[in-house]
Amino acid sequence: MRGRTYLVAVALLASAACSSPYEDSTPRAGAGNRTISPVAGCGATSWTDPADLSPSRAPARCRPGAPAPKALAKTRKLTIATGTLSAEYVAPLQVALDKGEFEREGLDVTLKVLPTPDALPLLAKGDLDAIWAAPEAAVMNGLRGGFDIKWVAGNFSPDPDSKSGLWVRLKDGESASRVTMAGRRLGTMIGKGSVIAYPMEKALEKHGGGLDRIQYQQLGSADVLTALENGGVDSAWLLDPVWRKVDGQPAYAFLGGQPQGEPLGGMLYGPSLLQRDVDAGVALLRAYIRTVNSYFATDYKSDDAFVGYLAKLLKADRQILRSTPSLRMDWEIREGTTDRLQAAYTAQGVSEGDPLPESETVDRTLYEEAVGHRS
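All of these numbers come straight from a predicted model, not from anything done at the bench.

Turning our eyes to something else, we now look at the packing of aromatic side chains. All told, the structure shown has 8 aromatic pairs when counted by the stated rule. For the ring pair Trp167 and Phe254, a centre distance of 5.4 Å and an interplane angle of 45° mean the geometry is tilted. Placement of Trp167 in strand β8 (residues 165–169) and of Phe254 in strand β12 (residues 252–257) is noted, with a sequence separation of 87 residues between them. With 6.4 Å between their ring centres and 85° between their planes, Tyr300 and Phe306 make a pair best called edge-to-face. By relative accessible area, Phe306 is classed as buried at 3%. For Lys99, the ring lying beneath its charged end belongs to Tyr309, and the centroid distance is 4.6 Å.

Structure follows, in structure tokens:
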């Protein structure tokens, strides 16, 4: 049913260009001297003010099937690095590949599993075209070192019912509202320099802690929960769906997670798509955005058939995938996010220089072009 609905939507969009809210095309600065054009199916709801940090902000959306494909004259081969192919936040890329959305843009896309630290120099040299990751401390330090890299699209923010984030084992006399975090040992997969430093700092400050007042223990993904349960660490950052194992148990408390309405990761481009082939860069984001609008626009886990499809695609357990709320897929980047991230990296002692202005870390113009938004 989804496939038939999608095809009908594409046909309607192709015949509805005259209904665009934009009256003309306007030259736009940014990635070269480019022109922004009206995009059928992407109107007022396809862009939100980056300064809107409201937790209840509705993510930008076009109609299903929009923005319609605009195939490149010549097929372009692109390689996107990602730390994993099985995590739910990678699902839009997996679905776009499986459903042929990249192909409709004239893109031959390969998803390559590669940790961000290994991928960064390859991205900067143009050996990789993009990274599906986050503007971690390593990215910021690379930018200070001369890397031509920009964060060009967001990925998701959590559902209000999600408890992915900072969990603590309570000591005698403690409760979720009264926990002393200073001196605690924290188990985390990435350690210092991850984007979780920003939301973790906010949670710690409420409980007498701070990023410089806790001890870090880097653990494998399968070891974080085990270490928390057996006392190897007394706090941990637990991701979906791992936190379900301790949720509701009186010995543990959830202290906070990623801010709602604010993506902390997504697509990073290097010189290949920022400079040498911007058309391909826009086409890649157009396919990604269309996939979100067609398959992830609302509560996608309310569709049992789609959950089953995702489980097979991600090689995940269907029941475990269904046990957590849908992510709020969101291609936009909030104003000041990289400022807040850099402040957290400085507090952790992993920043190698002065904070970079947002103009050197973020480029929103490519996704704005993809949805037809004029600044």
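Anyway, onward from the coordinates.
Right, let's get into the sheet that holds strand β13 (residues 266–269). Two pairing modes exist for strands in a sheet, parallel and antiparallel, and in both the strands are linked by backbone hydrogen bonds. Taking strand neighbours across the sheet as the criterion, the 5 strands line up as β4-β3-β5-β13-β6 in an open arrangement whose pairing is mixed. Strands at the two margins of the open sheet, each flanked by one partner only, are β4 (107–113) and β6 (150–154). Averaged over all pairs of adjacent strands, the angle between strand axes in this sheet comes to 25°, irrespective of strand direction. Examined bridge by bridge, strand β3 (residues 76–82) and β4 share 7 bridges and lie parallel to one another. In the sheet register, Lys77 faces β4, and the bridge partner there is Asp108.

The next thing to look at is the environment of Phe296. Checked against the element boundaries, Phe296 lands in the loop between α9 (278–295) and α10 (304–314). Exposure remark for Phe296: the relative accessible area of 0% places this residue in the buried category. Separated by 34 residues in sequence, Phe296 and Asp330 place their C-alpha atoms 9.4 Å apart. Contacts of Phe296, omitting those with residues within four sequence positions, involve Arg61, Ala91, Pro92, Val95, Thr291, Phe306, Leu310 and Met329.

Core analysis: the biggest nonpolar cluster contains 97 residues, and Ile80, Met267, Tyr269, Leu284, Leu285 and Phe296 have the highest contact counts within it. The element contributing the most residues to this core is α9, with 11 residues. Those residues in contact with Met267, other than ones at most four positions away along the chain, are Ile80, Leu93, Ala130, Ile131, Trp132, Lys150, Trp151, Val152, Ala153, Leu284 and Leu285. Counting 12 residues, the second largest nonpolar core, distinct from the first, contains Trp167, Val224, Leu225 and Trp243.

As a further point, take the pairing of strand β9 (residues 185–188). Remark: a regular strand shows side chains that alternate across the two faces of the sheet. By the bridge criterion, 4 bridges tie β9 to strand β10 (residues 215–218) in an arrangement that is parallel. Paired with Thr188 across the bridge in β10 is Gln218. Taken together, β9, helix α6 (residues 197–205) and β10 form a β-α-β motif whose crossover is right-handed. Pairing analysis gives 2 bridges linking β9 to strand β11 (residues 235–238), with the strands arranged parallel. Bridge pairing in β11 places Gly187 opposite Ala236.

Another aspect to go through is the state of the cysteines. Should the sulfur atoms of two cysteines be covalently bonded, the bond is a disulfide. Inspection of every chain in the model, using the stated rule, returns 1 disulfide. Two residues, Cys42 and Cys62, share a disulfide whose sulfurs are 2.1 Å apart. Judged by the sign of its S-S torsion, about 110°, the bond between Cys42 and Cys62 is right-handed. Of this pair, Cys42 sits in the loop between β2 (34–36) and β3 while Cys62 sits in the loop between β2 and β3, and the two are 20 residues apart along the sequence. According to the relative accessible area criterion, Cys42 is buried, its value standing at 1%.

What follows deals with a nonpolar patch on the surface. A cluster of nonpolar side chains, Met189, Ile190 and Leu239, forms an exposed patch at the surface whose accessible area comes to about 220 Å². Here Met189 is to be found in the loop between β9 and α6. Its relative accessible area of 33% is what places Met189 among the partly exposed residues.

Burial analysis of α10 places 8 of its 11 residues in the buried class, the great majority of the element. The N-capping residue of α10, defined by a side-chain oxygen 3.0 Å from the backbone nitrogen of Ala305, is Asp303. The first or second residue beyond α10 is Lys315, which carries a positive phi of 55°.

Read across the open sheet, the 5 strands follow the order β10-β9-β11-β8-β12; overall the sheet is mixed. In the strand order of this sheet, the two ends are held by β10 and β12, each with one partner. Each neighbouring strand pair of the sheet contributes to a mean axis angle of 25°, computed without reference to strand direction. For β8 and β12, the ladder comprises 5 bridges, and the chain directions are antiparallel. In the strand pairing of β12, Trp167 is matched with Phe254.

Applying the stated rule across the entire model yields 18 salt bridges. Across the salt bridge formed by Asp129 and Arg76, the nearest N and O atoms sit 3.7 Å from each other. Residue Asp129 is located in the loop between α4 (116–125) and β5 (130–133), and its partner Arg76 is located in strand β3; the two are separated by 53 residues in the primary sequence. On the basis of relative accessible area, Asp129 is assigned to the buried category, the value being 7%. Measuring nitrogen to oxygen at the nearest pair gives 2.3 Å for the salt bridge that ties Arg322 to Asp304. Here the residue Arg322 occupies a position in helix α11 (residues 318–322), and Asp304 occupies one in helix α10, the gap between them amounting to 18 residues.

Definitions and cut-offs
Residues numbered from 1 in each chain as written. Predicted model: local features only at pLDDT ≥ 70, side-chain atom pairs only at ≥ 80, totals over all residues. Heavy atoms only, no water. Phe/Tyr/Trp six-rings, centres within 6.5 Å; stacked < 30°, edge-to-face > 60°. Helix = DSSP H or I, 4+ residues; strand = E, 2+ residues; numbered from the N terminus. Buried < 20%, exposed > 50% of the residue type's maximum accessible area, 1.4 Å probe, protein only. Lys NZ or Arg CZ within 6 Å of the ring centre and 35° of its normal. Pairing = 2+ DSSP bridges. Axes fitted to C-alpha atoms, helices over the stretch in contact; angles between N-to-C directions. Contact = heavy atoms within 4.5 Å. Core = buried A, V, L, I, M, F, W, Y, C linked by side-chain atoms within 4.5 Å. Right-handed = clockwise from strand over helix to strand, strands pointing away. Disulfide = S-S within 2.5 Å. Patch = residues over 30% accessible without salt bridge, like charges linked within 9 Å, V, L, I, M, F, W, Y side chains within 5 Å. Areas by Shrake-Rupley, 256 points an atom, 1.4 Å probe, with all protein chains shown as cover. Salt bridge = Lys/Arg side-chain N within 4 Å of Asp/Glu carboxyl O. Polar contact = N/O pair within 3.5 Å; in protein donor to acceptor, adjacent residues only side chain to side chain.

By themselves, these observations are geometric and do not establish any function.
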